[in-house]
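Here is what each chain is made of, one letter per residue.
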Amino acid sequence: MKVEHRLRENRDFRRVFNRGRSSATDKLVLYWARNRGSNFRVGFSVSRKVGNAVQRNLIKRRLRACFDRFLPELLGKPADFVVVCRKNASQATYQQLENDVLRLLKRAKFMI
RNA sequence: AAAGUAAGCUGGGCAAUCGCCGGUGCAAGGCCGAAAGGUCGCACGGGAGGAAAGUCCGAGCUCCAUAGGGCAGGGUGCCGGAUAACGUCCGGCGGGAGCAAUCCUAGGGACAGUGCCACAGAAAUGAAGACCGCCGAUGAAGGUGCAAACCUUACAGGCAAGGAUGCAACGGUGCGGUAAGAGCGCACCAGCGGCCUGGAGACAGGUCGGCUAGGUAAACCCCACCUGGAGCAAGACCGGAUAGGAGUGCACAUGUGGUGGCCCGCCACGCACUCGGGUUGGUCGCUGGAGCAAUCCGGCAACGGAUUGCCUAGAUAGAUGAUUGCUACUCCGCUGUGCGAGGCUUGGGGUGUCCCUAUGGAACAACAAUUUCAGAGGGACACGGACAAUCCGUUUGCAGCACUGGAGCACAAAACUCGGCUUACAGGCUUGCUUUCCAC
RNA sequence: GGCCCCAUGGUCAAGCGGUUAAGACACCGCCCUUUCACGGCGGUAACGGGGGUUCAAGUCCCCCUGGGGUCA
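Every value quoted in this text rests on a predicted model; they were computed, and no experiment measured them. (Residues numbered from 1 in each chain as written. Chains lettered and ligands numbered in written order. Predicted model: local features only at pLDDT ≥ 70, side-chain atom pairs only at ≥ 80, totals over all residues. Heavy atoms only, no water.)

Looking at the packing of aromatic side chains
So, step 1. Counted by the stated rule, this structure contains four aromatic pairs.
So, step 2. In textbook terms, an aromatic cluster arises when at least three aromatic residues are bridged by ring pairs, as seen for Trp32, Phe44, Phe67, Phe81 and Phe110. (Phe/Tyr/Trp six-rings, centres within 6.5 Å; stacked < 30°, edge-to-face > 60°.)

What follows is the structure, given as structure tokens:
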């Protein structure tokens, strides 16, 4: 995932949490908000309650791989996303995570 | 072979496609940015661990003075060595556990001082003290006696052996000794001190001596040694912005800060509060090092030395993921086959009981009959194990092969870098030693 | 990533190394009241885990576990 698609600053995260809208499944929560740029950005938040460092890193890598797959359809849409993981996300396979991300993006009307 | 014990190694493998993060070479222009700087192309090659973890110690490195003096505080604590250093490691000593291999051991000082030792107990450290108890030699009172002496009382007094308390009671056991006792004397044992021998030393062995000294220092403490503080969010550089403001208070070195325990010393300088304003960009530090591997040499070992070869992550919301094939290991299910085991049936054989047949012996004086015993043959019923054949079934349990399908595959991820310690860990492999058994 | 702190009933919390580990709120039972509340009496319930020092550990030492704080 390229640098311009990453959400990096703490104030950006806070802005998405405060101003944005949200939707959730049992494993993931998606927050989104419009931004002033010309492209989308994504940030991931996995707390220590989800698991140890190995499990948290694995989840983040898999979520990044999900967004890589949906990259062509998201390209050019000016929005910031934050994906928050819930506890049972540590047991999920890649396919389950991808299904959840797709459902959430459809619900947020960013994908058809 | 089994049981045990110690140490070491490994931590699935081979590939394909799409992505992520560094590096090297070529190319030299575009894009982003105010700038510093970043990014984009092609090719090649690289990309988590033994604990990367916990952050418990030690070092390098950086800043504070080149890290200085004193006090306080903290740490370590048998001896010798290794090391850059250590609370680590190696070798030994003492003590403890084990048949043994081996393992454990914060293991200096309790005559420098202070504190504490609850409850119980007479008494918990001062050579003090006596509840039950022992004694009545000596003294006293009484009695018997001519006297010597003996008896009684347990009053004066003597004792600490035995009982009782407790984690612990002022050396232990035995003999002598005594009125009863006591290191009072002796022997052995434990402990203490001196001397001798061995050893580098901790210490060990021997000998002599006086006869005896509670525990606790992971209580304060004493002694010896070590220790300045902070930490890569350290710190350095580049670029930008704002500001060199306003008000109030203190002050001219006796002040404030650096300096984060205090004092001295050193360095720098007006300082504190309120109001107002601004920044939270980039690069370096950042990976060639007390580095790794092999061989040889020195050393019991930790480790050291020499030669040759090798380069092996460097992110910053934080780089390893997705899809797929083959394969190793473990488990589960299904199908088929064989073996073993189970069940049914049949066959021959066995044992027991009953009946029949003939024979022989015994009981009655004899014969017959009867009763009883023995083995033989035949029949019926029952029994359980083994053998052979056939069939059934794979429900339960065991072993192996092939095929197909599924699941699992530990603990856990660098964040400046090393040396250790501690903790977590599926499975697999190797080696040494000890004890017991078996075979030769 | 570095550096610190804490852990005692359901909750908030005391506790020099020495009895049966205070206390408050909550909970349960009884009394009081026509009833509820208030009040009174009684009761249940705890030292995060594992080693070590000590005669004796909630307390002292070491190692884990789980919470919390802080930095530019």
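Details of the pairing of strand β1 (residues 21-24)
So, step 1. Looking at chain direction, β1 and strand β2 (residues 28-34) are connected through four bridges and run antiparallel. Bridge pairing links Arg21 to Trp32 in β2.
So, step 2. Connecting the antiparallel pair β1 and β2 is a turn made up of three residues. (Pairing = 2+ DSSP bridges. Helix = DSSP H or I, 4+ residues; strand = E, 2+ residues; numbered from the N terminus.)

A closer look at the protein's contact with RNA strand B
So, step 1. Neighbouring RNA strand B are 20 residues; Arg6, Leu7, Arg61, Arg62 and Arg64 lie closest to it.
So, step 2. If you list the elements that add at least two residues to the surface near RNA strand B, you get α1 (10-19), α2 (53-69) and α4 (94-107).
So, step 3. Sorting elements by how many residues they give to the surface near RNA strand B places α2 first, with nine residues. (Near = heavy atom within 4 Å.)

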